[in-house]
Amino acid sequence: HVVFLDSDPDPLKFYSILPNYQLALQLSMDHFHQNGFDRVAYIGSTGAASQRKEPSVDPRFFYYQMDQLRLDCYAPDFVLNCPMNTRSGYQAMVRFLETHGGQPPQALFIASDSIAPGVRMALQERGFRIPEDICIITFNNTVLSEFSSPPLTSVELFMRESVRAAAACMELLWQGDTCGKRIVVPCGLVERGSVCKQKEARL
């Protein structure tokens, strides 16, 4: 009797509760596009852990890439592939600035809140401001985005709904339902002002 949260090792065997990554990226990229930013950079891991030891793509990167390809804006050098932690975020942003004439991307999707403090430090050390010089959206909506300076617009995962879904799955398992199921929980975008209109940026 096992229910996996944010993991789907075997959809035929286990119950799993997953966030709606496609919706998360749709909300984020639409918010960028509505503010005039079509080309968006991505920072975070591009791969995902796989229990079957097969190559796997992180769903956040997959849907980001699909959006940028659709707009003919995908640029491999705008993908900052790094582990999901603060130090790696700092190092990846420093490398990007060094290879792009010292200028950050105008818009950046951060695949995890844990990366954001490092990115912000690298930018602040060089005098760049959010959102005037770079607009940012993060993923997870933890205190790292809520109490950032400035606070960052972030994708919020509905954890209460995920827990309720997991509890409902356990009830079904106890009743003898052993057929694997995948439940996808929606998410939302919490706007905090780290994205501005393109014409207002870099003033």
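Our subject in this report is the structure included herewith.

Analysis parameters
- Residues numbered from 1 in each chain as written.
- Predicted model: local features only at pLDDT ≥ 70, side-chain atom pairs only at ≥ 80, totals over all residues.
- Heavy atoms only, no water.
- Phe/Tyr/Trp six-rings, centres within 6.5 Å; stacked < 30°, edge-to-face > 60°.
- Helix = DSSP H or I, 4+ residues; strand = E, 2+ residues; numbered from the N terminus.
- Buried < 20%, exposed > 50% of the residue type's maximum accessible area, 1.4 Å probe, protein only.
- Lys NZ or Arg CZ within 6 Å of the ring centre and 35° of its normal.

### Brief notes about the packing of aromatic side chains
Then comes step 1: Tallied over the full model, the rule gives eight aromatic pairs.
Then comes step 2: With 5.8 Å between their ring centres and 15° between their planes, Y21 and F139 make a pair best called stacked. Of the two residues, Y21 is situated in helix 1 (residues 21–34) and F139 in strand 6 (residues 135–140); the sequence distance between them amounts to 118 residues. Here Y21 matches F139 in class, with each residue buried.
Then comes step 3: Their ring planes at 80° and their centres at 5.5 Å tell us that F78 and F96 sit as a pair that is edge-to-face. One end of the pair, F78, is in the loop between helix 2 (59–70) and strand 4 (79–81); the other, F96, is in helix 3 (residues 86–99), and 18 residues separate them in sequence. For the pair shown, F78 and F96 are each scored as buried.
Then comes step 4: Taken together, Y42, F61, Y64 and F109 form an aromatic cluster joined through their ring pairs.
Then comes step 5: Stacked on the ring of F78, the Lys or Arg R39 has its end atom at 5.7 Å from the ring centre.
Then comes step 6: The aromatic ring of F139 is capped on one face by R60, whose charged end is 5.0 Å from the ring centroid.

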